[in-house]
Amino acid sequence: MAGMSFSLNEVEALAKRAARGSGLHWGLAEEAAKGVRWLARFGLPGPALLADLLILNDGAAHEDLTPSDLDGVWTAPAGRLSPLIAGAALSDCADQLRHGSLRLGPVSQPMLLAPFAAAAARYLGQGVALRWAGTTLLGDGTVLEISGDQAGATAELVEHVECALADPPAKALTSVERAEVDGQTWARLGVFAARTYAPATEASRLLGAGAGVSDND
């Protein structure tokens, strides 16, 4: 499908509803939406990555996609970490990066970790890099640079992700004011977002119909 242009506010709003509709609590849904917006601001396919992730994890228990332990390599019972759940933990554990790198994996849609690494960079006041399979995403909290295997940046699943302190980006991606999202992706997110809408009741249907069943004769 052809791409359509949306404001970053529209992207964030739909992403938030979709993440909530997938079963994430509102706090994590808000963080996921902010992350999708952050990626879209650099022209990256944040909405599509979120849609793919929500479809992949639909019906999976939250705890099965959560790091079992934050010591050593972070892994999940399901055999793949959610980058949203692991990303939130990464932000909370930013201070650990002062003492060495963190290793996560396997991780689905690892690019979705980048906004959380950016939050860690802002907190620490220095660059933070994510590395996997020849790809490096480097940010300082406000800008982002991708180097190495560009195609690998949007990998669906990687065995290991390393997160470590690094020098600030030397060549950052250009930011945009609107996001280009294909219609299929927008529709897929809309399916999850629709789960947050309250089902129609008899009272609401009557209100929507106007006069309802009143009889003035």
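See the structure above.
In this report, we go over the structure that sits alongside the text.

Details of empty space enclosed by the protein
Per the stated rule, a full pass over the model turns up one cavity of 30 Å³ or more. Each pocket or cavity is described by its volume, and for the largest cavity that value is around 50 Å³. Among the secondary structure elements, those contributing two or more residues to the lining of the largest cavity are α5 (114-124), β5 (127-132) and β6 (135-139). Ranked by the residues each element gives to the lining of the largest cavity, the list is headed by α5, at four residues.

Observations concerning the pattern of salt bridges
In total, this model carries six salt bridges according to the counting rule given. The residue Arg188 makes a salt bridge to Asp52 at a minimum N-O spacing of 2.7 Å. Here Asp52 lies in helix α3 (residues 46-57) and Arg188 lies in helix α6 (residues 183-194), a separation of 136 residues in the sequence. A residue is classified by how much of its surface remains accessible, and Arg188, at 23% relative accessible area, is partly exposed. Overall, Asp52 belongs to the partly exposed group, its relative accessible area being 28%.

Points about the sheet that holds β6
Strand order in the open sheet made by the six strands is β2-β3-β9-β5-β6-β7, with mixed pairing throughout. Pairing within the sheet leaves two strands with one partner each, and these edge strands are β2 (73-74) and β7 (144-148). Sheet topology places β2 next to strand β3 (residues 102-104); two bridges connect them, and they run parallel. Each bridged residue has a counterpart across the sheet, and for Val73 the counterpart in β3 is Arg103. Docked against the sheet, α5 engages β5, β6 and β9 (161-166), running at close to 150° with respect to β5.

Section: the packing of aromatic side chains
Following the criterion strictly, the structure yields two aromatic pairs and no others. With 3.6 Å between their ring centres and 5° between their planes, Phe6 and Trp186 make a pair best called stacked. Placement of Phe6 in strand β1 (residues 3-7) and of Trp186 in helix α6 is noted, with a sequence separation of 180 residues between them. Here Trp38 and Phe42 contribute two aromatic rings whose centre-to-centre distance is 5.0 Å and whose plane-to-plane angle is 75°, an arrangement assigned as edge-to-face. For the pair Trp38 and Phe42, one class covers both residues: buried.

Points about the nonpolar core
If you look at the biggest cluster of nonpolar residues, it comprises 64 residues, and the most contacted ones within it are Trp74, Leu84, Leu104, Met111, Leu130 and Leu137. By residue number, the principal contributor to this core is helix α2 (residues 26-40), which donates eight residues. Once residues within four sequence positions are removed from consideration, Leu84 is found in contact with Leu24, Leu28, Ala32, Leu50, Leu53, Leu112 and Phe116.

A few points about unusual backbone geometry
Cis geometry marks the peptide bond from Gly105 to Pro106; its omega dihedral reads -5°. In this fold, Pro106 is placed in the loop between β3 and β4 (107-108). Within the chain, Gln109 stands out as a residue other than glycine whose phi angle is a positive 40°. Inspection of the secondary structure assignment puts Gln109 in the loop between β4 and α5.

What counts, and where the lines are drawn
Every chain begins its residue count from 1, and numbering advances along the sequence as written. Residues qualify for local features only when their pLDDT is at least 70, as the model is predicted, and side-chain atom pairs are given and counted only at 80 or more; totals for whole chains, interfaces and linings, by contrast, use all residues. Side-chain numbers come from the whole structure's heavy atoms, not from hydrogens or water. Whether a set of points on the 1 Å grid over the protein atoms alone is a cavity depends on a 1.4 Å probe fitting there but being unable to get out, while an open set qualifies as a pocket with protein on both sides within 12 Å along at least five of seven lines; lining residues are those with an atom within 4 Å of a point. Grid points are joined across faces, edges and corners, and a volume is the space filled by probe spheres set on the points. A run of H or I in DSSP counts as a helix once it spans at least four residues, and a run of E counts as a strand once it spans at least two, with each numbered from the N terminus. Here, a salt bridge means any Lys or Arg side-chain nitrogen found within 4 Å of an Asp or Glu carboxyl oxygen. Whether a residue is buried, partly exposed or exposed follows from its accessible area with a 1.4 Å probe, protein chains only, as a fraction of its type maximum: under 20%, in between, or over 50%, in that order. Two strands pair if DSSP finds at least two bridges between them. Throughout, a residue-residue contact means that at least one pair of heavy atoms, one from each residue, lies within 4.5 Å. Lines fitted to C-alpha atoms define the axes, with helix axes restricted to the stretch in contact, and inter-axis angles between N-to-C directions lie between 0 and 180 degrees. In this analysis, rings of Phe, Tyr and Trp, with Trp reduced to its six-membered ring, are considered paired at centre separations within 6.5 Å, and the interplanar angle assigns stacked below 30 degrees, edge-to-face beyond 60, and tilted for intermediate values. Here, nonpolar core refers to any group of buried Ala, Val, Leu, Ile, Met, Phe, Trp, Tyr and Cys residues whose side-chain atoms link them within 4.5 Å.

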